[in-house]
Amino acid sequence: MKQEDIEQVEDLLYASEGRLGYAYLYPNGGGAEKEFVFEMTPGNIAAFIGAHQMDAQKIILTDFIDRLILDTAGGSIDRCPDQELRRQILPLLAPIQMGEAEAPDIPIASREAYDAYGRWEDEQ
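Just so you know, these numbers come straight off a predicted model, no measurement behind them.

Criteria and cut-off values
Residues numbered from 1 in each chain as written. Predicted model: local features only at pLDDT ≥ 70, side-chain atom pairs only at ≥ 80, totals over all residues. Heavy atoms only, no water. Phe/Tyr/Trp six-rings, centres within 6.5 Å; stacked < 30°, edge-to-face > 60°. Buried < 20%, exposed > 50% of the residue type's maximum accessible area, 1.4 Å probe, protein only. Lys NZ or Arg CZ within 6 Å of the ring centre and 35° of its normal. Core = buried A, V, L, I, M, F, W, Y, C linked by side-chain atoms within 4.5 Å. Helix = DSSP H or I, 4+ residues; strand = E, 2+ residues; numbered from the N terminus. Contact = heavy atoms within 4.5 Å. Axes fitted to C-alpha atoms, helices over the stretch in contact; angles between N-to-C directions. Parallel < 35°, antiparallel > 145°, perpendicular 65-115°, else oblique. Nonpolar A, V, L, I, M, F, W, Y, C, P; charged D, E, K, R; others polar. Polar contact = N/O pair within 3.5 Å; in protein donor to acceptor, adjacent residues only side chain to side chain.

A.B. asks: Looking at this model, I keep getting lost on the packing of aromatic side chains. Mind explaining?
C.D. replies: Any pair of aromatic rings gets described here by the distance separating the centres and the angle formed by the planes. By the definition in use, this model includes six aromatic pairs. Look at Tyr22 and Tyr24: their rings are 6.2 Å apart centre to centre, the planes differ by 50°, and that puts the pair in the tilted class. Across this residue pair, the class does not change: Tyr22 and Tyr24 are buried. Among the aromatic residues, ring-to-ring pairing joins Tyr22, Tyr24, Phe64 and Tyr114 into one connected group. Lying across the ring of Tyr22, Arg111 places its NZ or CZ 3.7 Å from the centre.

Structural data, given as C-alpha cells:
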C-alpha cells in the first residue's frame, strides 16, 4: 500500500465522527463506476455533489450497510428518504450549483484505498 493512500485514509478516519458512507459515481457518457468513502455530513454531501455536478450522470450515497442516504439525477437530489437531511443539504448545495461558491475540499478516499487500508491494518 502506498504511503499516499495510507495518509489519505487516515486523514479521513481522523476527521470522521463515525458517519462514513459510500459514494457511487456514474460518469456522464458511461464508463466505469467510481466508488468513494467519506463522512456523510450535510456539508460533505453538498460538496461532493457540487464537485461532480458536471461529470456525473448519477450519484448514489449509502451508509456502510448500503442503505440509501440519497441519490442524484442530473446534479440534483432525486431521492432522499431523510427529509430533514435534504433540508440541511439544499442551502449548502444551491450556491455551489449556481456558481456562487466553489465546492470545498473534503476528506475523502477511494473505496479501493479504504478497503486496502483495512487489510493493511489487519496485517500490522
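A.B. asks: Mind showing me how you'd approach the nonpolar core here?
C.D. replies: Generally speaking, nonpolar side chains in soluble globular proteins are found buried as a group. By size, the foremost hydrophobic cluster in this structure holds 33 residues, and its most contacted members are Phe38, Ile45, Phe48, Leu61, Leu70 and Ile89. Elements with a contribution of two residues or more to this core: α1 (3–15), β1 (20–27), β2 (34–39), α2 (42–51), β3 (56–63), β4 (68–73), α3 (83–97) and α4 (111–123). If we ignore the near neighbours within four places in the chain, the residues touching Ile89 are Pro42, Ile45, Ala46, Leu70 and Ile77.

A.B. asks: Help me out: how do you make sense of the packing of α1 against α4 in this one?
C.D. replies: Between two packed helices, both the angle of their axes relative to each other and the distance between the axes serve to describe the pair. Interhelical geometry of α1 versus α4 gives an angle of 95° and a closest axis separation of 9 Å. One way to sum up the angle between α1 and α4 is to call them roughly perpendicular. Listed contacts from α4 to Asp5, Ile6, Gln8, Val9, Glu10, Leu12 and Leu13 of α1 are Ala113, Tyr114, Tyr117 and Trp120. Of the residues that constitute the contact of α1 with α4, the class distribution is eight nonpolar, one polar and two charged.

A.B. asks: Mind showing me how you'd approach the side chain of Thr62 here?
C.D. replies: With respect to the helices and strands, the residue Thr62 is situated in strand β3. Accessibility expressed as a relative area gives 5% for Thr62, which makes it buried. Separated by 3.0 Å, the side chains of Thr62 and Asp66 make a polar contact. Among residues more than four places away in sequence, those in contact with Thr62 are Gly21, Tyr22, Tyr24, Met40, Arg67, Leu68 and Ile69.

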